[in-house]
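Below are the chains, spelled out letter by letter.
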Amino acid sequence: MEYNYERMTLTVFLTGDLDLGVCSSLRQEIKDLLKENYTDRLILDVSAVNFIDSTGLGMILDFYKMMGKSGGRILVCGAKATVKNIFILAGMTFLLSEGGRLYG
Amino acid sequence: MGNKAKLILSATEDNVAVARITAAAFCGQMGFTVSEVEEIKVAVSEGITNAIIHGYNSDSEREVILELIDDDNTLVVNIIDEGVGIEDVEKAKEATYTTVDGRMGLGFVFMSTFSDEMEVVSEVGEGTIVTLKKRPSLL
């Protein structure tokens, strides 16, 4: 998994399909990265993600809840039309950003 | 009756993708648009995920059956498990209802949104059959 850490923000570049097969291990990997980098500011770059279902959304929502508790921030950027469509349907567009900038 | 495919899957997390890709290949011959195929992929993923997580409580020794039928240009998808079953089907269909922590509770919502018809038949202790039907909009 590719990622970078700068300006106190962890950016993770996700690839492939965000479904049950991928998310159970991915969830823990991202949690570990956040811990290792002592940050609660997370950008998930999904520009290389072709598929997401409610399991993928559930993982992202988990991070959102986790960040909320610690006063952190989370943003999802680069969503393709098919991925964006699922966020719209789930009422989760507030997590999406075109530019990938994290405020606050 | 037209084309037919039946897939018996171990209830493993990785087989969600196998089911979805098989369904996409099957309906690729039926005249669906690219975005309709995407919708079918999501609906099948949700159904198989439900069977694994809820039906079988993630017991990978169990089996989920995916049936794909081209019924006179209507795609019929049957997702069959012999798991714990659903006590209250109507409640399970509601948005954000879930019995497992860390889950969205959107499985049935996505399945019904992305198909023309959804039917759920379930018996506690016997299992669940989810039937989804979808016609290509351009035909």
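Quantities reported herein were computed from a predicted structural model and do not represent experimental measurements. (Residues numbered from 1 in each chain as written. Chains lettered and ligands numbered in written order. Predicted model: local features only at pLDDT ≥ 70, side-chain atom pairs only at ≥ 80, totals over all residues. Heavy atoms only, no water.)

### Some points on the overall build of chain B
What counts, and what does not: Secondary structure follows DSSP: runs of H or I at least 4 residues long count as helices, runs of E at least 2 residues long count as strands, and numbering of each begins at the N terminus. Every radius of gyration here is taken over C-alpha atoms, with the globule rule written as 2.2 Å times N^0.38, N being the number of residues. The buried label applies to any residue whose accessible area, calculated with a 1.4 Å probe on protein chains only, is under 20% of its type's maximum; exposed applies above 50%, and partly exposed to all values in between. Contact criterion: two residues are considered in contact whenever any of their non-hydrogen atoms come within 4.5 Å of each other. Here the accessible surface of atoms and residues is derived via Shrake-Rupley with a 1.4 Å probe, and residues count as covered only by protein chains that are part of the display.
The helix and strand tally for chain B stands at 4 helices and 5 strands. Walking chain B from its N terminus toward its C terminus, one meets helices and strands in the order β-α-α-β-β-α-α-β-β. Since a compact globule built from 139 residues should have a radius of gyration of about 14 Å, the 14 Å found for chain B is in line with a globular shape. Its C-alpha atoms put chain B at 40 × 30 × 25 Å along the principal axes. Residues counted as buried form 51% of the 139 residues belonging to chain B. Taking the intrachain contacts of chain B between residues at least 6 apart in sequence as the baseline, contacts between residues at least 24 apart amount to 63%. For chain B, the accessible area works out to roughly 6800 Å², and carbon and sulfur atoms hold 46% of it.

### Some details on empty space enclosed by the protein
Residues and elements named next belong to chain B. To be explicit about the condition: In this analysis, the protein atoms alone were mapped onto a 1 Å grid. Cavities are point sets where a 1.4 Å probe fits without being able to get out; pockets are open sets with protein on both sides within 12 Å along at least five of seven lines; lining residues have an atom within 4 Å of a point. Grid points are joined across faces, edges and corners, and a volume is the space filled by probe spheres set on the points. Residues are grouped as follows: Ala, Val, Leu, Ile, Met, Phe, Trp, Tyr, Cys and Pro are nonpolar; Asp, Glu, Lys and Arg are charged; every other residue, Gly included, is polar.
Enumeration according to the criterion identifies 2 cavities of 30 Å³ or more in this entry. Quantified by volume, the largest cavity comes out at close to 50 Å³. The wall of the largest cavity is formed by Ile40, Ala43, Val44, Leu75, Val77, Phe114, Ser115, Leu132, Lys133 and Lys134. Of the residues contributing to the lining of the largest cavity, the split by class is 7 nonpolar, 1 polar and 2 charged.

### Quick notes on the sheet that holds strand E1 (residues 2-6) of chain A
Backbone hydrogen bonds hold the strands of a sheet together, and the pairing may be parallel or antiparallel. Residues and elements named next belong to chain A. This is how the line gets drawn: The pairing criterion is simple: DSSP has to find at least two bridges between the two strands. In this analysis, axes come from line fits to C-alpha atoms, helices being fitted only over the stretch in contact, and the angle between any two N-to-C directions falls in the range 0 to 180 degrees.
Read from one edge to the other, the open sheet built from 5 strands follows the order E1-E2-E3-E4-E5, with strand pairing classed as mixed. Taken across any chain shown, the strands that pair with only one partner, and hence form the sheet edges, are E1 and strand E5 (96-97). Along the sheet, helix H3 (residues 81-89) makes contact with strand E3 (41-52), strand E4 (73-77) and E5, crossing E3 at roughly 115°.

### Looking at the environment of Leu68 of chain B
Residue and element names in this part refer to chain B. Along the polypeptide, Leu68 turns up in strand E2 (residues 63-71). Residue Leu68 is classed as buried on the basis of its relative accessible area of 1%. Put simply, Leu68 and Leu7 are 61 residues apart on the chain and 8.5 Å apart in space, counted from C-alpha to C-alpha. Apart from the residues lying within four places of it in its own chain, the contact partners of Leu68 are Asn3, Lys4, Ala5, Thr22, Ala23, Phe26, Val76 and Val77.

### Observations regarding the environment of Pro136 of chain B
When you line up the elements, Pro136 of chain B lands in the segment after strand E5 (127-134). Sequence-wise, Pro136 of chain B and Lys6 of chain B are 130 residues apart; in three dimensions their C-alpha atoms are separated by 21 Å.

### Some words on the side chain of Asp70 of chain B
Residues and elements named next belong to chain B. Basically, it comes down to this: In summary, the charge assignment counts Lys and Arg as positive and Asp and Glu as negative, without counting His or the chain termini. By definition here, a salt bridge exists when the distance from a side-chain nitrogen of Lys or Arg to a carboxyl oxygen of Asp or Glu is within 4 Å. Counting of polar contacts relies on pairs of N or O atoms within 3.5 Å, with two restrictions inside protein: one atom must be capable of donating a hydrogen and the other of accepting it, and residues adjacent in sequence are counted only when both atoms are side-chain atoms.
One can find Asp70 in strand E2. Buried and without a salt bridge, Asp70 has Arg135 as its closest oppositely charged side chain, separated by 7.6 Å. At a separation of 2.9 Å, a polar atom in the side chain of Asp70 contacts the main-chain amide nitrogen of Asn73.

### Regarding the sheet that holds strand E1 (residues 4-10) of chain B
All names here are of chain B. Pairing is antiparallel across the open sheet formed by 5 strands, whose spatial order is E1-E2-E3-E5-E4. The strands lining the two open edges of the sheet, one partner per strand, are E1 and strand E4 (117-123). Taken pair by pair, the neighbouring strands of this sheet meet at an average axis angle of 10°, ignoring direction. As paired strands, strand E3 (residues 74-81) and E5 are joined by 7 bridges and run antiparallel to one another. Its bridge partner being in E5, Asn78 is matched across the sheet by Thr131. Helix-sheet contacts for helix H2 (residues 34-55) involve E1, E2, E3 and E5, and the interaxial angle to E3 is about 15°.

Spatial relationships are all this shows, so hold off on functional conclusions.
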